[in-house]
Amino acid sequence: MAEVKIPAQPRTEFGKGAARRTRAAGRVPGVVYGHGVDPLHVTLPGHALLMALKTSNVLIRLDVEGGKDELVIPKAVQRHPIKIGVIEHIDLLLVRKGEKVTVEIPIQTEGELAPGGNLLEHVLNALPVEAEATHIPESVTVSIDGLDAGHSILAKDITLPAGTTLAVEEDAVVLQVVAAQAEAPTEEAAEGVAEGVEA
């Protein structure tokens, strides 16, 4: 994963008024923490941060005014409840090369379900994994090709990149295929319901 370099300025003003002024200037207030050091309060350029966050678990090199250079990953992003593309605050976690971190990575699917109007349910929207901070996978891809109602994909069924391990129970259900009618989990049951309606 490539690093994204973002300049940061130390933040000396706090409170709602200061945060409003920061955001009005096109910047985002944030805090950098981890490794047992005192939290570092910073402001970041809003647009550059928004672009960086388009990549899940992006690795950011903060160029802090005053000579500090920190490697961080986003831990909590507070977005505006109404305005799209507006970040109100961000928590950043300090990381080092070679260090393992626990993150959630997006799950992507490929292929088509078996015919019959079945639905794919994402039990987990993201997969918790442990990976090296500088080699966090952007996502995992799972094939759902030909899967029928009643079929589940467990965490242990997903192939992870080298150096990445699960941070969730192996038997945790990640995806499952359900019949279009919730009360009809199998094709036979669906046919029985249809016959009952006709009668």
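Our structure is the block above this text.
Quick look at the structure, then. No experiment lies behind these values; they were computed from the predicted model shown.

Re the nonpolar core
Among the nonpolar cores identified, the biggest contains 24 residues, and Ile73 and Leu127 are the most heavily contacted of them. Among the elements of the structure, strand 5 (68-79), strand 7 (100-110), strand 9 (126-132), strand 10 (140-143) and strand 13 (173-178) are those that each provide at least two residues to this core. Counting residues per element, this core draws most heavily on strand 7, which supplies 4 residues. Excluding anything up to four places from it in sequence, Leu127 contacts Val103, Glu104, Ile105, Ile107, Val140, Ala155, Ile158, Leu160, Leu166, Val168 and Val174. In this structure, Val28, Val42, Leu44 and Leu49 belong to the second largest nonpolar core, which totals 19 residues.

Topic: the environment of Lys156
Within the element layout of this structure, Lys156 appears in the loop between strand 11 (152-154) and strand 12 (165-166). Linking Lys156 and Val174, residues 18 residues apart in sequence, is a C-alpha distance of 9.4 Å. Those residues in contact with Lys156 that lie beyond four places of it in its chain are Leu166, Glu170 and Asp171.

Concerning the pairing of strand 3 (residues 37-45)
Strand direction decides the pairing type here: strand 1 (residues 3-10) and strand 3, joined by 2 bridges, are antiparallel. In the strand pairing of strand 3, Pro10 is matched with Val42. Examined bridge by bridge, strand 2 (residues 27-34) and strand 3 share 7 bridges and lie antiparallel to one another. Of the residues in strand 3, the one forming a bridge with Arg27 is Pro45.

Things to note about helix 1 (residues 16-24)
For helix 1, every residue scored as buried is listed here: Ala18, Ala19 and Thr22. Seen end-on, helix 1 carries its buried residues on one side only, within an arc spanning 100°. Relative to its buried face, helix 1 has exposed residues pointing more than 90 degrees away, namely Lys16, Arg20, Arg21 and Ala24. Looking at the buried side of helix 1, the elements it contacts are strand 2 and strand 3. One or two positions beyond helix 1, positive phi appears at Gly26, with a value near 80°.

Section: the layout of surface pockets
Of the pockets and cavities examined, the largest pocket occupies roughly 200 Å³. Considering the residues around the largest pocket, the lining is formed by Leu53, Thr55, Ser56, Asn57, Pro74, Lys75, Val77, Arg79, Val103 and Glu104. Of all elements in the fold, only strand 5 and strand 7 reach the threshold of two or more residues within the lining of the largest pocket. The greatest single-element share of the lining of the largest pocket, amounting to 4 residues, is contributed by strand 5.

Re the pattern of salt bridges
This model, assessed by the stated rule, comprises 3 salt bridges. Where Glu3 meets Arg61, a salt bridge forms, and the shortest distance between an N and an O atom there is 2.8 Å. In this pair, Glu3 sits in strand 1 while Arg61 sits in strand 4 (residues 59-64), placing the two residues 58 residues apart along the sequence. Arg61 is the salt-bridge partner of Asp69, the closest N and O atoms lying 3.0 Å from each other. Where salt bridges share partners, they join Glu3, Arg61 and Asp69 into one cluster.

The rules behind these values
- Residues numbered from 1 in each chain as written.
- Predicted model: local features only at pLDDT ≥ 70, side-chain atom pairs only at ≥ 80, totals over all residues.
- Heavy atoms only, no water.
- Core = buried A, V, L, I, M, F, W, Y, C linked by side-chain atoms within 4.5 Å.
- Buried < 20%, exposed > 50% of the residue type's maximum accessible area, 1.4 Å probe, protein only.
- Helix = DSSP H or I, 4+ residues; strand = E, 2+ residues; numbered from the N terminus.
- Contact = heavy atoms within 4.5 Å.
- Pairing = 2+ DSSP bridges.
- Arc of directions from axis to C-beta.
- 1 Å grid on protein atoms, 1.4 Å probe; cavity = no way out; pocket = protein on both sides within 12 Å on 5 of 7 lines; lining within 4 Å.
- Points joined across faces, edges and corners; volume = space filled by probe spheres on them.
- Salt bridge = Lys/Arg side-chain N within 4 Å of Asp/Glu carboxyl O.

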